[in-house]
Amino acid sequence: MAEVFTRKATGVVREASWFQALMSNIAQLQIGLPGFYVFLTAWMFPGWDVPTIFLLSLIPVTTHAILLSIMTSQFPRSGGDYVWASRILPPYVVTSTIFALQVIGALVTPGFIDWGIYGGLGTIFTCLGISLNNPAMSSISTTLQDPNVRFLIVSILIWVFAIVNIKSLKLSLKWISTMAILGTIAGLVSGFTLLFSSNQYFITQWNNLFGSYLTYDQVINTAISNGYEYIPIGLGTFGALFGLIACTYEMNIGYAASISFAGEIKSARRSIPIATLACVALGAVVLFIMCWAQQNVVGQKFIYSSMYLFYSKPELWTVPAPADPFLYAVIATGLNPILAVIIPLGLLSGCLGLVAVSYIVSSRYWLAFSFDRFLPTFFSKVDKKHHTPWVNILFFGIIYEIGLAFSCYYAAGVVYIGLPYRSISLLNIVLIAASVLLFPVIGKNLYEHADVVKKHKVLTLLSAAISFTFFAFAAIYVIIHPEYGGPPNIGVWIFMIILLLLGPIIWLLSKIYWSRRGLDTSLVYKEVPPE
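Procedures and definitions
Residues numbered from 1 in each chain as written. Predicted model: local features only at pLDDT ≥ 70, side-chain atom pairs only at ≥ 80, totals over all residues. Heavy atoms only, no water. Helix = DSSP H or I, 4+ residues; strand = E, 2+ residues; numbered from the N terminus. Rg over C-alpha atoms; globule rule 2.2 N^0.38 Å. Buried < 20%, exposed > 50% of the residue type's maximum accessible area, 1.4 Å probe, protein only. Contact = heavy atoms within 4.5 Å. Lys, Arg positive; Asp, Glu negative; His and termini not counted. Charge placed at Lys NZ, Arg CZ, Asp CG, Glu CD. Core = buried A, V, L, I, M, F, W, Y, C linked by side-chain atoms within 4.5 Å. Polar contact = N/O pair within 3.5 Å; in protein donor to acceptor, adjacent residues only side chain to side chain. Phe/Tyr/Trp six-rings, centres within 6.5 Å; stacked < 30°, edge-to-face > 60°. Lys NZ or Arg CZ within 6 Å of the ring centre and 35° of its normal. pLDDT = per-residue confidence, 0-100. Patch = residues over 30% accessible without salt bridge, like charges linked within 9 Å, V, L, I, M, F, W, Y side chains within 5 Å. Areas by Shrake-Rupley, 256 points an atom, 1.4 Å probe, with all protein chains shown as cover. Salt bridge = Lys/Arg side-chain N within 4 Å of Asp/Glu carboxyl O. Arc of directions from axis to C-beta. Axes fitted to C-alpha atoms, helices over the stretch in contact; angles between N-to-C directions. Parallel < 35°, antiparallel > 145°, perpendicular 65-115°, else oblique. Nonpolar A, V, L, I, M, F, W, Y, C, P; charged D, E, K, R; others polar. Left-handed = near helix turned anticlockwise from the far one by under 90°.

**A word on the overall build of the protein**
In terms of regular secondary structure, the protein is built from 22 helices and two strands. Against the globule reference of 24 Å for 531 residues, the protein gives a C-alpha radius of gyration of 23 Å, in line with a compact fold. Looking at the protein as a whole, 60% of its 531 residues qualify as buried. In the protein, the proportion of contacts linking residues at least 24 apart, taken out of those at least 6 apart, comes to 85%. Each charge sign in the protein was given a centre, from 28 positive and 21 negative side chains, and these centres are 12 Å apart.

In structure tokens, the structure reads:
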């Protein structure tokens with residue numbers, strides 16, 4: 001007869017403040033970068049007004065943030081939504097999406113540091129070189145485009161972040177907070193710089209700086225003459241639906257970071273809602289200012305045309321800088337040397353902050369997996385002195401290196417991963433919302449003791465219903481229109497299916513393995529474990 005399975009305490013300690021939890025969310029949101037992503041989506045699927053659609057996206061974003069706040073406040077454990085959702089729904093269902101997301105996320109994350117190096121640092125040196133008339137400084141930007149140089153720099157950073165995360169959660173959170181603050185400041189400076197500029201001024205500055213490569217009008221005309229079709233904005237367009245999904249998805253990336261390490265947050269029931277909802281509010285303000293200002297000052301047709309050339313016709317994009325919102329904001333300053341550093345620094349700090357917080361997020365999910373015996377027990381090793389899951393951190397360092405190789409030497413591979421990552425993310429939110437809707441019915445024993453959830457019963461169920469409805473629609477829409485996640489590719493579909501099946505297969509194998517040793521691991525999902 002199988003023995004009762006007892007999960008021990010994880011060994012992590014509650015040492016993160018509400019402010020550090022908030023900053024981890026801001027760092028994962030990468031304030032400023034979603035402003036880039038939504039315009040990129042607006043180019044690929046034109047016809048939607050970015051600021052208007054962005055405001056509409058705040059409805060599903062806020063309801064989902066409320067849902068996560070309530071449930072994680074009730075069950076503040078390492079592993080976040082995986083822990084409580086796997087106690088309501090069958091664990092093999094929950095592990096299918098969450099396990100897949102951690103694997104894909106680890107492969108994609110290094111690309112952000114890579115982008116921060118050639119996009120952030122590269123733009124700084126390009127702009128400073130032009131404004132100071134210093135060709136040597138501009139040449140540094142060219143050097144940073146070399147994949148070998150980028151691979152070396154980012155590899156060093158990956159392992160520096162790994163060591164910092166192993167040595168001290170507090171030190172890691174301090175770094176993350178610094179990066180989040182810098183990114184927020186740069187985002188606001190970028191937005192307000194554009195806000196107090198004008199379209200005519202931007203055109204003049206662009207032509208003065210880059211007219212010898214492509215004038216403002218030439219960017220638009222070159223794109224149109226080479227296959228780009230500009231579609232005027234409208235709420236009822238095909239692109240508008242994709243825009244709503246894109247805005248919601250990009251905002252969703254951020255506010256849930258601290259959920260994953262809820263077991264290490266002090267006064268969790270108070271701190272988690274503050275960190276989650278404040279991230280949504282702050283992110284909404286900064287991103288709306290950036291999106292609204294960019295569209296009005298830079299010009300929607302120019303933004304779409306420049307991104308089309310840069311990503312689809314790179315041989316025609318002769319401007320020595322990437323087409324992105326940070327470049328536009330720098331130009332709107334007239335290449336003021338100080339602002340030319342501050343604004344691109346926001347891109348770099350956002351990328352560096354994201355990777356630092358990703359170590360924490362991924363390692364805590366892996367920790368929860370291991371303690372539930374879904375993964376081998378060595379993944380639950382926690383350093384007794386530093387209280388950090390050092391094995392998991394080293395493991396993800398290796399995965400990051402693999403993802404970095406893709407980013408530096410096979411960028412198309414990263415693009416193809418976009419579809420499974422977005423699709424599985426949306427499916428995961430649907431499952432999490434479904435678990436909350438079914439909580440009073442399926443998880444009766446656990447629900448009886450859920451005082452926070454029962455206190456906010458109506459708000460919890462309403463938030464879950466709205467989240468389930470919207471994200472189910474979004475997931476179906478993205479799956480039947482795979483071009484949203486990148487160029488359609490049969491390998492992408494195979495990869496996505498394998499990842500979704502891998503979680504349940506590992507769970508079944510683990511259950512068989514432990515049952516032969518006299519442990520019934522299914523019993524672990526009967527209750528929420530101690531931290």
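There's plenty left to go through after this.
**Here we look at unusual backbone geometry**
If you check the backbone angles, R373 has positive phi at about 65° while not being a glycine. With respect to the helices and strands, the residue R373 is situated in the loop between α16 (337-371) and α17 (390-409). Not every positive phi belongs to a glycine, and H387 is a case in point at roughly 60°. On the accessibility criterion, H387 (25% relative accessible area) is partly exposed.

**Quick look at the nonpolar core**
Counting residues in hydrophobic clusters, the biggest one holds 164 residues, and the most contacted among them are M71, Y82, F202, W206, F302, Y359 and F439. Leaving out residues up to four positions away in the same chain, F202 has contacts with Y216, V297, V298, F302, Y328, I331 and A332.

**Regarding the side chain of Q74**
Tracing the backbone through its elements, the reader meets Q74 in helix α3 (residues 50-74). For Q74, the side chain forms a polar contact with the main-chain nitrogen of V453, separated by 3.2 Å. Beyond its immediate sequence surroundings of up to four residues, Q74 is in contact with R269, H449, A450, D451, V452 and V453.

**Examining the packing of aromatic side chains**
Per the stated rule, a full pass over the model turns up 36 aromatic pairs. Pairing F470 with F471 gives two aromatic rings, centres 5.2 Å apart and planes at 90°, and the pair type is edge-to-face. For the pair formed by F470 and F471, the shared burial category is buried. An aromatic cluster is built from Y82, F99, Y359, W366, F369, F374, F378, F379, F395, F396 and Y400, whose rings are joined through pairwise contacts. Above the ring of W514, the side-chain terminus of R373 is found at 5.3 Å from the ring centroid. R517 extends its terminal NZ or CZ atom over the ring of Y513, reaching a point 3.7 Å from the ring centre.

**Some thoughts on the confidence of the model for the protein**
Mean pLDDT over the protein: 83, with 91% of residues reaching 70 or higher. Across the protein, the secondary-structure element scoring lowest on mean pLDDT is strand β1 (residues 3-4), at 47, and the one scoring highest is helix α11 (residues 216-225), at 93. Note on residues 1-5: pLDDT is under 50 here. Beyond four places in sequence and across chains, it has 16 contacts.

**Quick notes on a nonpolar patch on the surface**
On the surface, I497, L501, I505, L508, L509 and I512 cluster together into a nonpolar patch covering about 550 Å² of accessible area. Summarising the element assignment, I512 is placed in helix α22 (residues 490-515). By relative accessible area, I512 is classed as partly exposed at 36%.

**Remarks on the side chain of S197**
Mapped onto the elements of the fold, S197 is located in the loop between α9 (169-195) and α10 (199-210). Note on S197: relative accessible area 18%, which makes it buried. Setting aside its immediate chain neighbours within four residues, S197 contacts V297 and A332.

**Some details on α11**
Those residues of α11 that sit buried are Y216, V219, I220, T222 and A223. Looking straight down α11, one finds its buried side chains confined to an arc of 165°; they lie on one side. Next to the buried residues of α11 lie α10 and α14 (268-312).

**A look at the environment of G518**
With respect to the secondary-structure elements, G518 resides in the loop between α22 and β2 (519-520). Sequence separation between G518 and V103 is 415 residues, and the spatial gap between their C-alpha atoms is 30 Å.

**So, the packing of helix α5 (residues 91-108) against α17**
Across the interface, α5 lies against α17 with an axial gap of 6 Å and an inter-helix angle of 55°. With respect to α17, the axis of α5 lies oblique. For the pair α5 and α17, contact is made by Q102, A106 and L107 and by F396, I399, Y400, I402 and G403, respectively. When its residues are assigned to classes, the contact of α5 with α17 shows six nonpolar, two polar and no charged.

**Let's talk about the environment of E264**
The topology assignment puts E264 in the loop between α13 (257-260) and α14. E264 sits 177 residues away from V441 along the chain, and the two C-alpha atoms are 30 Å apart.

**Description of the environment of T204**
By the element assignment, T204 lies in helix α10. Judged by its relative accessible area of 33%, T204 is partly exposed.

**Here we look at the packing of helix α6 (residues 110-131) against helix α7 (residues 135-143)**
When two helices pack together, you describe them by how their axes are tilted relative to each other and by the distance separating the axes. Where α6 meets α7, the axes come as close as 7 Å, and the angle between the chain directions of the two elements is 160°. Between α6 and α7, the angle falls in the class roughly antiparallel. The handedness of the crossing between α6 and α7 is left-handed. Residue-level inspection shows G122, F125, T126, L128, G129 and I130 of α6 in contact with α7, the latter providing M137, S138, I140 and S141.

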